[in-house]
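Survey of secondary and tertiary structure
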Amino acid sequence: MDNDILREFLAESRELLADAQQKLLALEAEPTDAASLAAIFRAFHTLKGGAGFLEAPAMVEWCHHLEDLLDKLRSHKLVADSGMIDAILRSVDVLQRMLGELSRGEQPLVGPADLGSLVRAYANGEHRADTGSLSADESRPAAESPSTPVPEEGFPNEPHATRDATEDSASSTPMAAPAAADASGSEPGAETTIRVDSTRLDRAMNQVGELVLLCNRLSAAVAKLGSGDDTLVRLARETDLAVNDLQNTVMRLRMQPCKRLFQSLPRVVRDASRSLGKRVR
């Protein structure tokens, strides 16, 4: 497995899952929000394509059934409730665990059987009304038959739903962004960000630091010569301004958004509220 491809996949996957988690919390308050549904669906679809390229079948299978559930939510065949959001959020935790195993060079293990069965039950419309709390009974589908065999881990062995050719071709491309979103979640405009190795940014900052020192030496040398040559003095001043602007730009490139420090807090508050039997607004 190519280490560069794996690192890129892990970094982008974690960002996709973090964004999907935020969208899921927003979806609980607005179950019919088309933009959130489309973004969550694309996240799982993109993860499935990358996992397939890296030959991680457990992750492909897990993403596939989550994708089925989100597809039915997008088409308004189902409406998300708190119990369903719980199941999807716990499934996101499973995907995070699988990414950790991939980062250690291990083949991801399949997810828990009860959670897999619950997701399938929700996708099939076989679930009870949400009771507003995270209980052990909610981890089992309501319409599960005692005679139905369930594997020890992972999703039940059922055939995959038929998909159109465009989605199948997208799944074979590693971490490929969708060419165009559907009408319910279209986002006009091209990508405005790129991924850059942090070591390159550190190197650029060091080089700018050296440039600032050289600029200071130049200004000191011009000051020693006196103000007889106005052209030289003006050139030194303009160089100093340009270097300062460059330094500020590079420093902003290296900054990280503060929201990452607090992204996990809404999920923690929600889970605590649900475990205490409180409704999350």
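Numbering of residues begins from 1 in every chain and follows the order in which that chain's sequence is written. Note on the predicted model: pLDDT of at least 70 is required for a residue's local features to be given, and 80 or more for side-chain atom pairs to be given and counted; whole-chain, interface and lining totals, by contrast, use all residues. Note: side-chain values were computed over all heavy atoms of the structure, leaving out hydrogens and water.

Turning next to the overall build of the chain. Numbering of helices and strands starts at the N terminus; helices are DSSP runs of H or I of at least 4 residues and strands are runs of E of at least 2. Each helix and strand counted, the chain has nine helices and zero strands in total. The helix and strand sequence of the chain, counted from the amino end, reads α-α-α-α-α-α-α-α-α. Burial classes follow relative accessibility: with a 1.4 Å probe on protein chains only, a residue under 20% of its type's maximum area counts as buried, one over 50% as exposed, and anything between as partly exposed. Burial status across the chain gives 35% buried among its 281 residues. It only takes one pair of heavy atoms within 4.5 Å for two residues to be counted as in contact. In the chain, of all internal contacts separated by at least 6 residues, the share reaching a separation of at least 24 is 75%. Using the Shrake-Rupley algorithm and a 1.4 Å probe, accessible areas are obtained, with residue cover drawn only from the displayed protein chains. For the chain, the computed accessible surface area is about 16,600 Å², with 55% contributed by carbon and sulfur atoms.

Attention now moves to the pattern of salt bridges. A pairing counts as a salt bridge when a side-chain nitrogen of Lys or Arg comes within 4 Å of a carboxyl oxygen of Asp or Glu. In the structure shown here, the tally under the stated rule is five salt bridges. Residue Glu67 pairs with Lys48 through a salt bridge whose shortest N-O separation is 2.7 Å. Taken together, the residues Glu67 in helix H3 (residues 57-74) and Lys48 in helix H2 (residues 34-53) connect sequence positions 19 residues apart. Of the two residues examined, Glu67 and Lys48, each falls in the buried class. In this structure, the salt-bridge partner of Glu101 is Arg97, at a minimum N-O distance of 3.2 Å. Residue Glu101 and its partner Arg97 are both found in helix H4 (residues 82-103); the two are separated by four residues, about one turn of the helix.

So, on to the packing of aromatic side chains. Stacked, tilted and edge-to-face pairs are distinguished by plane angle, under 30 degrees for stacked and over 60 for edge-to-face with tilted covering the rest, among Phe, Tyr and Trp rings (Trp via its six-membered ring) whose centres lie within 6.5 Å. Following the criterion strictly, the structure yields zero aromatic pairs and no others. When the ring centre of Phe41 is taken as origin, the NZ or CZ atom of Arg74, which lies over that ring, is 3.8 Å away. Only when the NZ of Lys or the CZ of Arg is both within 6 Å of the ring centre and within 35 degrees of the ring normal is a charge said to sit over the ring.

The subject of this paragraph is the packing of helix H1 (residues 3-29) against H4. Lines fitted to the C-alpha atoms define the axes, with helices restricted to the stretch that makes contact. Angles between their N-to-C directions range from 0 to 180 degrees. Two elements in contact, H1 and H4, have axes separated by 10 Å at closest approach and are oriented at 170°. With respect to H4, the element H1 is oriented roughly antiparallel. Along this stretch, H1 crosses H4, giving a crossing that reads as left-handed. Mapping the contact onto sequence places Leu6, Phe9, Leu10, Ser13, Arg14, Leu17, Gln21, Leu24, Leu25, Leu27 and Glu28 in H1 and Ser82, Ile85, Ile88, Leu89, Val92, Asp93, Leu95, Gln96, Leu99, Gly100, Leu102 and Ser103 in H4. For this scheme, ten residues count as nonpolar: Ala, Val, Leu, Ile, Met, Phe, Trp, Tyr, Cys and Pro. Four count as charged, namely Asp, Glu, Lys and Arg, and the remainder, Gly too, count as polar. Along the lines of polarity and charge, the residues of the contact of H1 with H4 split into 14 nonpolar, six polar and three charged. Orientation categories follow fixed angle ranges, with anything under 35 degrees roughly parallel, anything over 145 roughly antiparallel, 65 to 115 roughly perpendicular, and all other angles oblique. By definition, any crossing whose near helix is turned counterclockwise from its far helix by less than a right angle is left-handed, and any crossing with a clockwise turn is right-handed.

So, about the nonpolar core. Among the buried residues, those of types Ala, Val, Leu, Ile, Met, Phe, Trp, Tyr and Cys that are joined through side-chain atoms within 4.5 Å form a nonpolar core. Ranked by internal contacts, the top residues of the largest apolar core, which has 41 residues, are Phe44, Met59 and Leu95. Among the secondary structure elements, those contributing two or more residues to this core are H1, H2, H3, H4 and helix H5 (113-123). By residue number, the principal contributor to this core is H4, which donates eleven residues. What Leu95 contacts, discounting residues up to four positions off in sequence, is Leu17, Phe44, Leu47, Met59, Trp62, Cys63 and Leu66.

Now for a nonpolar patch on the surface. Where nonpolar side chains cluster on the molecular surface, the patch consists of Leu211, Leu214 and Leu246 and spans about 250 Å² of accessible area. Locating Leu246 in the fold gives a position in helix H8 (residues 230-253). Patch rule: a residue counts if its relative accessible area is over 30% and it has no salt bridge; like charges are joined within 9 Å, and nonpolar side chains (Val, Leu, Ile, Met, Phe, Trp, Tyr) within 5 Å.

The next thing to look at is H2. Spanning 20 residues, H2 covers 29 Å between terminal C-alpha atoms, matching the ideal 28 Å at 1.5 Å per step. Judged by how many residues are buried, H2 sits mostly within the fold: 16 of 20 residues are covered. Remark: Glu55 follows H2 within two positions and exhibits a positive phi of approximately 60°. One fewer than the residue count of a helix, multiplied by 1.5 Å, yields its expected span.

One non-glycine residue, Glu55, adopts positive backbone phi at about 60°. As for its placement among the helices and strands, Glu55 is situated in the loop between H2 and H3. What makes Glu55 exposed here is its relative accessible area of 61%. Positive phi, normally seen in glycine, also occurs at His76, with a value near 65°. Position of His76 relative to the elements: it lies in the loop between H3 and H4. For His76, a relative accessible area of 57% gives the class exposed.

With that settled, the discussion passes to the packing of H1 against H2. For the pair H1 and H2, the least separation of the axes is 9 Å and the interaxial angle reads 155°. The angle between H1 and H2 falls in the class roughly antiparallel. Remark: the crossing between H1 and H2 carries left-handed chirality. Where H1 abuts H2, its residues Ile5, Phe9, Ser13, Leu16, Leu17, Ala20, Lys23, Leu24, Ala26 and Leu27 lie against Ser36, Leu37, Ala39, Ile40, Ala43, Phe44, Thr46, Leu47, Gly50, Ala51 and Phe53. Among the residues forming the contact of H1 with H2, the class breakdown is 16 nonpolar, four polar and one charged.

The next thing to look at is the confidence of the model for the chain. The quantity known as pLDDT measures the predictor's confidence residue by residue, on a range of 0 to 100. When pLDDT is averaged along the chain, the result is 74; 69% of the residues meet or exceed 70. The low-confidence segment residues 131-190 (pLDDT under 50) makes 102 contacts with residues lying over four places distant or belonging to another chain.

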